[in-house]
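# Fold and geometry: a report
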Amino acid sequence: MAASLLLNRVSRSVSLHRVGPALSFSSLDAQIHGGRLSGTLFPERSLATLAEGGASRFDEMVSANQRKYYLLGGKGGVGKTSCAASLAVKFASHGHPTIVVSTDPAHSLSDSFSQDLSGGVLKPVQGVDSTLLALEITPERMKEEIKSQAGGDKSVKNMMDSMGLGMFAGELGDLNLEDMLNAASPGIDEIAAISKAQYSRFTRIVFDTAPTGHTLRLLSLPDFYDSSISKITKLKKKVTAAASAFTSVFGKKKEIQEQGPSNELDQLKERMEKVRNVFRDVDTTEFVIVTIPTVMAINESSRLHASLRKENVPVQRLIVNQLLPDSQSDCKFCSVRRKEQTRVLGLIQKDTELSGLKLIQSPLLDAEIRGVPALKFMGDLIWK
Ligand SMILES: Nc1ncnc2c1ncn2[C@@H]1O[C@H](COP(=O)(O)OP(=O)(O)OP(=O)(O)O)[C@@H](O)[C@H]1O
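Just so it is clear, the structure is predicted and the values come from calculations on it, not from any experiment. (Residues numbered from 1 in each chain as written. Predicted model: local features only at pLDDT ≥ 70, side-chain atom pairs only at ≥ 80, totals over all residues. Heavy atoms only, no water.)

Per the secondary structure count, the protein chain includes 13 helices and 13 strands. A burial count over the protein chain gives 51% of its 384 residues as buried. The contacts in the protein chain between residues at least 6 apart in sequence include a share of 74% that link residues at least 24 apart. Carbon and sulfur atoms provide 55% of the accessible area of the protein chain, an area that totals close to 16,500 Å². (Helix = DSSP H or I, 4+ residues; strand = E, 2+ residues; numbered from the N terminus. Buried < 20%, exposed > 50% of the residue type's maximum accessible area, 1.4 Å probe, protein only. Contact = heavy atoms within 4.5 Å. Areas by Shrake-Rupley, 256 points an atom, 1.4 Å probe, with all protein chains shown as cover.)

See the structure below:
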């Protein structure tokens, strides 16, 4: 049986001692020095060789004091939440007041921290020696907020009426404004909110994003909003110009109310600009792709990277999570799986989208990563 890592959390600490071919933890007195585990050793190979010690260049991630945003995303079930939560714990324990945000409607931050972080408001994470807040975004609350800002009513027609453009609502046919208001992807408002002044002291913001498709929507939403709002604004200007031309020729006052586009739309447009700038700022933002060593997951990661590149979202790191640790005494199953994962790692090196990224290898632990001590342990393995 491949030597694997058992993570039995005793009280609130974990540690490492050797049990037969497996390794298990009972109190966190094992220090990880430069990839070697002091105390009981992992005889075949240090964990760091698995986690490619230093590949993540955590020193770069933690150095600057200016605010930075890290979005972790990828295929469902690969370990996004565990990696995001472990990164947030690591930032906080390195002195950065940190916020970890889950934009995934199927939240698992509460599970990962083993604390109730639900409710759509910022909540302090217990058991971390410095400031770490968590936010599980509730899509419902977000949608209500957007609808209320669009003059209360949901329909495009009523909204256009409120801007004196009711008779032109048909012209917006191709503009699915209703979709925009009704299906606002969760996260936009909170991302806009977090960039507000009162959160300025938080210098690291970590996003645990939803599986790939949903995240791409979230990333493209600011542009979608922007183009929708500019369409309305342009139409408004066109109509006003037509109305004044009409008046000068026929001398009759058309009943076009002289209103600027509703200021709710202006505010929305402004917030979208802010979010879009956050997502694309190479100095402050980075999207970290998380995957596992299977062909399907690598293919999806490659497509995700291509989409992020198109959206100009900066990507530097790729985490390959749940890698089988080395072991001399391999069972048949493990040796087949190990061969496959080695092949897949080779595919990454040849993949035009992924080969340029910093590759972080994260070992498979044979227990769930739940609670701050386990997240600290995982963080020490991958964020080095
Ligand atoms: N390296 C690892 N070793 C052992 N278990 C792991 C590892 N990484 C993640 N897990 C476990 O795998 C499960 C899924 O992890 P996680 O919730 O972080 O994935 P996710 O990508 O966020 O999932 P989802 O897409 O459903 O949100 C959890 O039970 C977690 O504890």
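Here the narrative resumes.
In space, the eight strands of this open sheet follow the order β8-β9-β7-β10-β6-β11-β12-β13, with mixed pairing throughout. Looking along the sheet, the strands with just one partner apiece sit at the ends: β8 (123-124) and β13 (358-363). For strand β7 (residues 98-102) and strand β10 (residues 204-208), the ladder comprises five bridges, and the chain directions are parallel. Looking at the pairing, isoleucine 99 lines up with isoleucine 205 of β10. Its contacts with the sheet put helix α12 (residues 332-350) on β12 (315-323) and β13, and the angle it makes with β12 is roughly 175 degrees. Along the sheet, helix α13 (residues 372-382) contacts β12 and β13; its crossing angle with β13, the most-contacted strand, is approximately 140 degrees. (Pairing = 2+ DSSP bridges. Axes fitted to C-alpha atoms, helices over the stretch in contact; angles between N-to-C directions.)

Before going further, it helps to examine the packing of helix α3 (residues 80-93) against α13. Running from N to C, α3 and α13 cross one another at 90 degrees; their axes reach a closest spacing of 8 Å. Put simply, α3 runs roughly perpendicular to α13. In this structure, α3 contributes Ser82, Cys83, Ala85, Ser86, Val89 and Lys90 to the contact, and α13 contributes Leu375, Lys376, Met378, Gly379, Asp380 and Ile382. (Parallel < 35°, antiparallel > 145°, perpendicular 65-115°, else oblique.)

On to helix α11 (residues 295-310). Relative to the 22 Å expected for 16 residues at 1.5 Å per residue, α11 spans 23 Å between its end C-alpha atoms, a close match to the ideal helical length. With its phi angle positive at about 60 degrees, asparagine 312 sits one or two positions after the end of α11. (Expected span 1.5 Å × (residues − 1).)

This next bit is on the nonpolar core. The nonpolar side chains of soluble globular proteins are, as a tendency, buried together. Ranked by size, the top nonpolar core spans 37 residues in total, and within it Leu72, Leu87, Phe113, Leu132 and Trp383 carry the most contacts. Breaking this core down by element, the ones donating at least two residues are α2 (58-63), β6 (68-74), α3, α4 (109-113), β9 (132-136), β11 (285-291) and α13. Ranked by residue count, the leading element in this core is α3, at eight residues. Aside from chain neighbours lying at most four places away, what touches leucine 87 is Phe58, Met61, Tyr70, Leu72, Val206 and Trp383. Core analysis: the second largest hydrophobic core is formed by 30 residues, Leu71, Phe279, Ile289 and Val315 among them. (Core = buried A, V, L, I, M, F, W, Y, C linked by side-chain atoms within 4.5 Å.)

Taken as a whole, the largest pocket spans an internal volume of roughly 400 Å³. Lining the largest pocket are 20 residues, with Gly79, Ser82, Gln322, Glu368 and Ile369 sitting closest to its centre. Contributions of two or more residues to the lining of the largest pocket are made by α3, α4 and β12. In terms of residue count, the dominant contributor to the lining of the largest pocket is α3 (three residues). (1 Å grid on protein atoms, 1.4 Å probe; cavity = no way out; pocket = protein on both sides within 12 Å on 5 of 7 lines; lining within 4 Å. Points joined across faces, edges and corners; volume = space filled by probe spheres on them.)

Glancing now at the site of the ligand. In the region of the ligand, 20 residues are neighbours, and Lys80, Thr81, Ser82, Leu365 and Glu368 sit closest. Threonine 81 is positioned with one of its side-chain polar atoms (N or O) 2.8 Å from an oxygen atom of the ligand. Protein chains bury 79% of the 630 Å² of accessible surface belonging to the ligand in isolation. Assessed atom by atom at 2 Å from the grid points, the ligand resides in the largest pocket. Elements represented by at least two residues in the shell around the ligand include exactly α3, β12 and β13. With three residues, α3 is the largest single contributor of residues to the shell around the ligand. Taken together, the residues of the shell around the ligand break down into eight nonpolar, nine polar and three charged. (Near = heavy atom within 4 Å. Polar contact = N/O pair within 3.5 Å; in protein donor to acceptor, adjacent residues only side chain to side chain. Sits in = over half its atoms within 2 Å of the grid points. Nonpolar A, V, L, I, M, F, W, Y, C, P; charged D, E, K, R; others polar.)

Our next topic: α13. Of all eleven residues in α13, nine are buried; the element is thus mostly enclosed. Along α13, the positions that sit buried rather than exposed are Val372, Pro373, Ala374, Leu375, Phe377, Met378, Gly379, Leu381 and Ile382.

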